[in-house]
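# Residue-level structural notes
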Amino acid sequence: MRKFLTIIIIVCVINLINLFAQAPEDFYIIRMDESTLRSLITKGKVDILMKKNGKYYLLVDRTEVRRFLRKGLRFEFAENELLPPVSKHGLNGAYHSYSELERDLIDLEKSYPEIAKVFDIGDSWENRNIYAIKISDNVEYDEDEAEVFFVGCHHAREWISVEIPYLLAHYLLLNYTQDSKIKWIVDNSEIWIVPMLNPDGLEYSITTFRYWRKNRRDNGNGSYGVDLNRNYGYMWGYDNIGSSPNTFSQTYRGPYPFSEPETQAIKNLFEQKNFKVAVSYHSYSQIILYPWGYKKEPSPLNDLLEELSSKMSELIYQVKGNLYEFGQGGSFLYLTNGDATDWFLGTFNIPAFTIELPPVDFISGGFFNSEEDIIPIFEENLPAALYLIEWAIITNN
Ligand code: 0X9
Ligand code: CA
Ligand code: ZN
């Protein structure tokens with residue numbers, strides 16, 4: 001009897017250690033087979049990281065672990081089996097870390113002082129700068145030209161979403177003098193690009209926990225982070241399906257709208273400018289989404305959004321034959337409230353898009369894109385980005 005008790009205690013202790021030591025703070029990677037996963041799927045609710053050797057890897061928080069244990073689901077903790085791909089170039093390889101982005105943006109400004117200017121539009125919780133680069137002729141002046149907006153990295157682990165807007169800036173500057181179409185675009189618009197909205201989260205995903213999604217607010221109860229893409233002020237907290245009031249949740253919406261310095265920075269910029277169109281890059285899924293996210297009914301701009309995304313999808317397809325499907329976020333993917341694009345459209349009445357970059361699913365890599373994929377993904381997205389800027393210029397006149 002004594003022996004039996006001891007064994008039970010040891011098993012409990014091991015489980016407790018697993019619970020608290022597998023991942024930093026409140027997240028765990030667990031592994032399960034397909035039938036277990038099927039019994040659990042309620043659309044959009046499980047965070048599947050990838051499939052490997054026939055098993056599914058999920059990112060779950062503490063409350064979910066408890067729930068699964070109570071339900072008697074069969075799963076194992078699997079933290080150590082999913083390490084980030086090793087790279088020769090540095091901590092996050094060919095992807096930009098915070099300081100690499102800072103360096104490269106400042107380099108761009110130095111190389112193209114007439115048409116590029118870097119702005120520090122706000123500070124993160126951990127005091128990193130949130131950088132915007134403005135690209136236009138007479139860049140020092142706020143001219144009466146179509147203003148357009150591109151942002152990446154609301155979500156820390158979506159590393160590819162930093163590279164696409166960064167490379168867009170790079171491409172426009174590099175080709176300004178060589179390519180008359182690019183010169184026309186740059187001369188007639190003011191292009192604002194924020195490649196890394198969530199520098200704290202990004203750094204945390206590089207150094208500590210690859211699957212980190214939120215920012216790094218200390219919620220004061222042992223949990224960290226607000227989902228920046230649930231913190232915007234339009235229909236914020238509309239329901240608990242599209243965002244969560246629970247600080248431990250991956251989609252925690254924050255204590256109030258724009259509670260985060262990162263979303264504040266975007267709010268301030270939008271209040272000073274007069275943006276005509278906005279794009280927010282994410283990964284993964286290879287789809288183009290537009291508002292509403294908070295409900296399934298179409299927005300007043302639905303026809304325009306439909307037209308622009310179908311054109312973008314076509315332009316992307318023409319580059320390498322990759323199909324980006326498109327549709328309204330709330331009906332095509334899942335419901336979200338307080339996301340950036342709902343706020344852009346709901347507050348400023350402009351077309352706004354979430355572009356979920358490749359890969360298409362978790363079986364093809366999920367949040368991991370190999371370094372070799374960065375340039376091809378940029379190349380296929382470039383014509384769509386240019387098309388939106390041109391559209392903004394033409395409709396501005
Ligand atoms: O959930 C999100 O914030 C975005 N997807 S991600 O996997 N990158 O986190 C999608 C936001 C788009 N809006 C809706 N689907 N409603
Ligand atoms: Ca200008
Ligand atoms: Zn995202």
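Structure first, text after, so check above.
Attention in this report is confined to the structure presented alongside it. (Residues numbered from 1 in each chain as written. Chains lettered and ligands numbered in written order. Predicted model: local features only at pLDDT ≥ 70, side-chain atom pairs only at ≥ 80, totals over all residues. Heavy atoms only, no water.)

## Considerations on the coordination of the calcium ion (ligand 2)
Quick reminder of the rule: Donor atoms: N, O and S within 2.8 Å of the metal, or within 3.2 Å for Na, K and Ca. Because water is excluded, sites can look incomplete.
All of the protein donors around the calcium ion (ligand 2) are Ser136 (OG), Asp137 (O), Asp137 (OD), Glu143 (OE) and Glu145 (OE); their distances to the metal are 2.3 to 2.4 Å. Each donor residue of the calcium ion (ligand 2) belongs to the same chain, and together they define the spacing S-D-x5-E-x1-E.

## Quick look at the pattern of salt bridges
Our working rule: Salt bridge, as used here: a side-chain nitrogen of Lys or Arg that lies within 4 Å of a carboxyl oxygen of Asp or Glu. Helical segments are the DSSP runs of H or I of at least four residues, strand segments are the runs of E of at least two, and each set is numbered from the N terminus. Three exposure classes are used, based on accessible area relative to the maximum for each residue type with a 1.4 Å probe and protein chains only: buried under 20%, partly exposed in between, and exposed over 50%.
Overall, the coordinates contain 15 salt bridges when judged by the stated rule. With its nearest N and O atoms 2.3 Å apart, the salt bridge here joins Glu34 to Arg38. Note that Glu34 and Arg38 are positioned in helix α2 (residues 34–38) at a spacing of 4 residues, about one turn of the helix. Two residues, Glu140 and Lys117, come together in a salt bridge whose shortest N-O distance is 3.9 Å. Here Lys117 lies in strand β5 (residues 116–123) and Glu140 lies in the loop between β6 (129–135) and β7 (146–152), a separation of 23 residues in the sequence. Given a relative accessible area of 55%, Glu140 falls into the exposed group. Take Lys117: its relative accessible area is 23%, and that puts it in the partly exposed class. Residues joined in a network through salt bridges with shared partners are Glu126, Arg128 and Asp200.

## Brief notes about the environment of Tyr204
Considering the arrangement of structural elements, one finds Tyr204 in helix α7 (residues 199–207). On the accessibility criterion, Tyr204 (11% relative accessible area) is buried. For the pair Tyr204 and Ala156, spaced 48 residues apart in sequence, the C-alpha separation works out to 7.8 Å.

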